[in-house]
Amino acid sequence: MTETTTRQIRQLLRERNAILLAHNYEPPEIQDIADLTGDSLELSIKAGKTDAEMIVFCGVLFMAETAAIVSPDKTVLTPRLDTGCAMADMITPEALKAKVEELGQMPVVTYVNSPASVKAESTICCTSANAIAVVNSLAEHELLMTPDRNLARYVASRTNKKIHYWNGYCPVHDQVTEQDVLIAKKAHPEAVFMAHPECPPEVLAHADAILSTSGMLKFAARSENRSFIVGTEEGLIYPLQKANPDKSFYKVSSSMICRDMKRTRLCDILNALKTTTHEVKIPRIISEKASIAVKRMLNVTHG
Ligand code: 13P
Ligand code: SF4
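Residues numbered from 1 in each chain as written. Chains lettered and ligands numbered in written order. Predicted model: local features only at pLDDT ≥ 70, side-chain atom pairs only at ≥ 80, totals over all residues. Heavy atoms only, no water.

A. Spotlight on the site of ligand 2. With respect to spatial proximity, the complete set of residues near ligand 2 consists of Y25, V60, C85, A86, M87, N113, C170, E198, C258 and M261. Here the residues of the shell around ligand 2 sort into eight nonpolar, one polar and one charged. (Near = heavy atom within 4 Å. Nonpolar A, V, L, I, M, F, W, Y, C, P; charged D, E, K, R; others polar.)

See below:
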């Protein structure tokens, strides 16, 4: 069954001149069949540079939206519509406008883990990998970061800017405790602790390296160390282990699972390709404004 489905998916991808993308947290069978795996922005940028006419994005909705913003001339499909992101859902453009009015005019730096409509109301976007560089690129001393309070507090600790933050968070990363880290470190005293900046400050205080998911993959591959405690969603252990079969990877906590990243099945991808659903359509006015914030970020990191 899986073999037939996989063959049909590959066939339809060729026929439709489509590219299949999978985020680093997706289940192993989805990562294995994908043309490209990576973090959300990296995937959108790489797909944008190909001559594929269609992008099938296995991840969560804000990622597929970002791909549509980066590649407005390509058709972007999400195999499932029920793949929201709890953190992206913690902010709306209306609430953001009200906050800016309350604080007074200042630049708004918005994490890519956000709806397109919020990116459209922002000055510049950032990712977990480039947030410090993005904030330092601004002429202003005072700014607002949305929607992740943990990423904002991490950046504030590494810059001398005055950072106001939105009180959003990723429930998967925010629930990790200092106690979880201490227990994992005691069980694996030789291991290096890699943490995602979406973790709370008291967890990041124990990290040997604070990295995005793709940053963790690069760090583990280059490191002389043989074992690592992984402070992010547990799906990342699969590509880490696959790329580094001689190294050991341990979860910092057994509850770091993002349900939305586990919903897509091979049959959903097949159905998406057969019926060209569900197309991610962003109103042009929003897409164009969001694109300005994304391009400003790319000028900082890829400029
Ligand atoms: P990355 O951009 O580091 O892959 O993070 C995505 C994400 O959803 C983290 O929770
Ligand atoms: Fe959103 Fe957190 Fe899931 Fe990432 S892990 S998609 S931030 S809920």
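Structure's up, so let's keep going.
B. Structural context of the site of ligand 1. In the region of ligand 1, the neighbouring residues are H23, Y25, D39, N113, S128, H173, H196, E198, S212 and T213. Here an oxygen atom of ligand 1 and a side-chain polar atom of S128 are 3.4 Å apart. For ligand 1, the protein covers 95% of the area, taking 300 Å² as the surface of the free molecule. Of the residues that constitute the shell around ligand 1, the class distribution is one nonpolar, seven polar and two charged. (Polar contact = N/O pair within 3.5 Å; in protein donor to acceptor, adjacent residues only side chain to side chain. Areas by Shrake-Rupley, 256 points an atom, 1.4 Å probe, with all protein chains shown as cover.)

C. Here's a closer look at the environment of K185. Note that K185 resides in helix α10 (residues 178-187). Take K185: its relative accessible area is 25%, and that puts it in the partly exposed class. A distance of 2.9 Å separates the side chain of K185 from the backbone oxygen of H206, its partner in a polar contact. (Helix = DSSP H or I, 4+ residues; strand = E, 2+ residues; numbered from the N terminus. Buried < 20%, exposed > 50% of the residue type's maximum accessible area, 1.4 Å probe, protein only.)

D. Spatial organisation of the sheet that holds strand β8 (residues 162-165). Read across the open sheet, the four strands follow the order β6-β5-β7-β8; overall the sheet is parallel. Two strands bound the open sheet, and with one partner strand each, they are β6 (124-126) and β8. Ignoring which end each strand starts from, the neighbouring axes of this sheet average 30 degrees apart. Taken together, the three bridges between strand β5 (residues 108-111) and strand β7 (residues 142-146) define a ladder with parallel strand orientation. When the bridges of β7 are listed, T110 appears paired with T146. Lying over the sheet, helix α5 (residues 93-103) contacts β5, β7 and β8, oriented at roughly 160 degrees with respect to β7. (Pairing = 2+ DSSP bridges. Axes fitted to C-alpha atoms, helices over the stretch in contact; angles between N-to-C directions. Contact = heavy atoms within 4.5 Å.)

E. Main features of the confidence of the model for the protein. Residue-level pLDDT values for the protein average 97, and 99% of them are 70 or greater. Within the protein, strand β11 (residues 227-231) carries the highest mean pLDDT (99), whereas helix α3 (residues 40-48) carries the lowest (89). (pLDDT = per-residue confidence, 0-100.)

F. Representation of the pairing of strand β3 (residues 54-58) in the model. Counting buried positions along β3 yields five of five residues, so the element is predominantly enclosed. Residue alternation in β3 divides its side chains into two sets, M54, V56 and C58 and I55 and F57, and both sets are buried. In this structure, strand β1 (residues 18-23) lies alongside β3, joined through five bridges in parallel fashion. Each residue of the ladder has a partner; that of I19, found in β3, is I55. Where β3 and strand β4 (residues 75-77) come together, three bridges link them in parallel fashion. Of the residues in β4, the one forming a bridge with M54 is T75. With respect to chirality, the unit in which β3 leads through helix α4 (residues 61-70) into the neighbouring parallel β4 is right-handed. (Right-handed = clockwise from strand over helix to strand, strands pointing away.)

G. Highlighting the packing of aromatic side chains. Applying the stated rule across the entire model yields one aromatic pair. Relative to F249, the ring of F228 has its centre 5.2 Å away and its plane inclined at 15 degrees; by these criteria the two rings are stacked. Here F228, found in strand β11, pairs with F249, found in strand β12 (residues 248-251); they are 21 residues apart in sequence, far enough to count as distant. Both residues of the pair, F228 and F249, belong to the buried class. (Phe/Tyr/Trp six-rings, centres within 6.5 Å; stacked < 30°, edge-to-face > 60°.)

H. Fine view of the pairing of β7. Most of β7 sits out of view: four of its five residues are buried. With four bridges connecting them, β7 and β8 associate as parallel partners. Within β8, the position partnered with L144 by the bridge is H164. On the question of chirality, the crossover connecting β7 to the parallel β8 by way of helix α8 (residues 149-158) is right-handed.

I. Structural detail: the sheet that holds strand β9 (residues 192-195). Taken together, four strands build an open sheet; the order of strands is β10-β9-β11-β12 and the sheet is parallel. In this open sheet, the two edge strands, each paired with only one partner strand, are β10 (209-210) and β12. Bridge analysis of β11 against β12 gives four bridges, and the strand direction is parallel. In the strand pairing of β12, F228 is matched with F249.

J. Up close: α8. Those residues of α8 lying buried are R149, N150, L151, A152, Y154 and V155. Near the N-terminus of α8, the side chain that reaches the backbone nitrogen of N150, with its oxygen 3.0 Å away, is that of D148.

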